[in-house]
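# Structural overview
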Amino acid sequence: MSKNKVLQTKFKASFLLPKYWLTWLGVLVLFSISLLPYRLQFWLGRGIGRLLQKVGGSRQRVAQRNIEVCFPHLNEQERQQLIRKNFENTGIALLETGMGWWWPDWRVKRKFTLKGLEHITQAQQQGHGVLLLAFHNLSLELHCRGFGLHQKSVVFYRPHNNPLMEYFQFKGRGRSNKYMLGKRDVKGLISALHDKESCIYLPDQDYGRNRSVFIPFFNVPDAATTTGTMIFASQKNVKTLLVVPSRNDDTGQYLVEIKPVFDDIPSGDDIRDLTRINQEIEKAIAANPEQYMWLHRRFKTRPDADAEPFYKK
């Protein structure tokens, strides 16, 4: 089994130093809120999101720019409504982090439904490793926890820069999953796929110019798109599936659907395959656009490094 090369899983005495006291305070507040009834947390999260929008200057401009270029058919009122809902969902996501890290299993199961597990089971029974392509839905922390209760998987992710937050993040995300790999451990994820594990990988963000191609994403014709996806999808005996998370605001229920939409990947043409992947992710995001991480600077890397910045400061 692959071993994590990056993460610190043991508590350190240095975490008690004054430089971490604000982090401890934040963690304590988040943990305390996670004990409250769900609907109260949902209401509080929306309020936090509205406050974030008022003080979030540069991030609001990022969301505005993203939504303008990705949904040009929306009028100004519709765009502003989507931005407001997106910030509300961002606030809710903050509290969903606490739910994902600390809720007992029974409480998560009561809120969570998984559809399409048979596609993973069948692929593994046929001797395949399973590459699960997901995207940055704002409720991902809670979705990942719920998914792991049904299908323990290997998670490929970016460790937190704050060592104490990384300690809690690792513990929280690892509660129901098999193990986690830092984003640079490419060999580790390949090894996990060869071991016929199900592995979660998120290819939807801008990871910079290195190992990227510029292909369409929504209405941006030249979005930097990682080629790392094809390193994994092209491995022998690997089945690639799409993971689509969503939350129903009326019922407070969380759903993950596993969709077998990539049966013809790899085709031998990486550009074609990556374009297909972007298209399927677009469809999934467009179903619940307010729940996507539009505050990320998805289009910051331009084909021409000297071009005018995509986002204004």
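Keep in mind the model is a prediction, meaning the values are calculated, not measured.

## Regarding a nonpolar patch on the surface
On the surface, a cluster of nonpolar side chains totalling about 320 Å² of accessible area is made up of Leu22, Leu25 and Val29. Relative to the assigned elements, Leu25 resides in helix α1 (residues 21-34).

## Some words on the sheet that holds strand β4 (residues 179-182)
Strand order across the open sheet formed by seven strands is β1-β9-β8-β2-β5-β3-β4, with mixed pairing between neighbours. What marks the edges here is a single partner per strand, and that holds for β1 (112-115) and β4. Across the sheet, the mean angle from the axis of one strand to that of its neighbour is 25°, orientation sign disregarded. Bridge analysis of strand β3 (residues 154-157) against strand β5 (residues 198-201) gives two bridges, and the strand direction is parallel. Bridged to Val154 within β5 is Cys199. Across the sheet, helix α6 (residues 117-125) touches β1, β2 (129-133), β5, β8 (238-248) and β9 (253-259), and the angle it forms with β2 is around 150°.

## Observations regarding the UniProt feature "transmembrane region" (unreviewed entry) in the protein
Mapped onto the present numbering, the UniProt feature "transmembrane region" (unreviewed entry) falls on residues 20-40. Along residues 20-40 the backbone is 81% helical and 0% strand, and the end-to-end C-alpha distance reaches 29 Å.

## Details of the pattern of salt bridges
Here the structure, examined in full by the defined rule, presents 16 salt bridges. Between Lys178 and Glu197 there is a salt bridge whose closest N-O contact spans 3.1 Å. Pair noted here: Lys178 is in the loop between α8 (163-173) and β4 and Glu197 is in the loop between α9 (186-194) and β5, with a separation of 19 residues, a long-range link. Across the pair Asp264 and Arg276 runs a salt bridge, and its minimum N-O distance is 2.8 Å. Of this pair, Asp264 sits in the loop between β9 and α11 (270-287) while Arg276 sits in helix α11, placing them 12 residues apart in sequence. Residue classification places Asp264 among the partly exposed residues on the basis of a relative accessible area of 34%. Overlapping salt bridges, with partners in common, bring together Asp264, Arg272, Asp273, Arg276, Glu280 and Lys283 in one network.

The rules we used
- Residues numbered from 1 in each chain as written.
- Predicted model: local features only at pLDDT ≥ 70, side-chain atom pairs only at ≥ 80, totals over all residues.
- Heavy atoms only, no water.
- Patch = residues over 30% accessible without salt bridge, like charges linked within 9 Å, V, L, I, M, F, W, Y side chains within 5 Å.
- Areas by Shrake-Rupley, 256 points an atom, 1.4 Å probe, with all protein chains shown as cover.
- Salt bridge = Lys/Arg side-chain N within 4 Å of Asp/Glu carboxyl O.
- Helix = DSSP H or I, 4+ residues; strand = E, 2+ residues; numbered from the N terminus.
- Pairing = 2+ DSSP bridges.
- Axes fitted to C-alpha atoms, helices over the stretch in contact; angles between N-to-C directions.
- Contact = heavy atoms within 4.5 Å.
- UniProt positions renumbered as here; feature names shortened; annotations may be inferred.
- Buried < 20%, exposed > 50% of the residue type's maximum accessible area, 1.4 Å probe, protein only.

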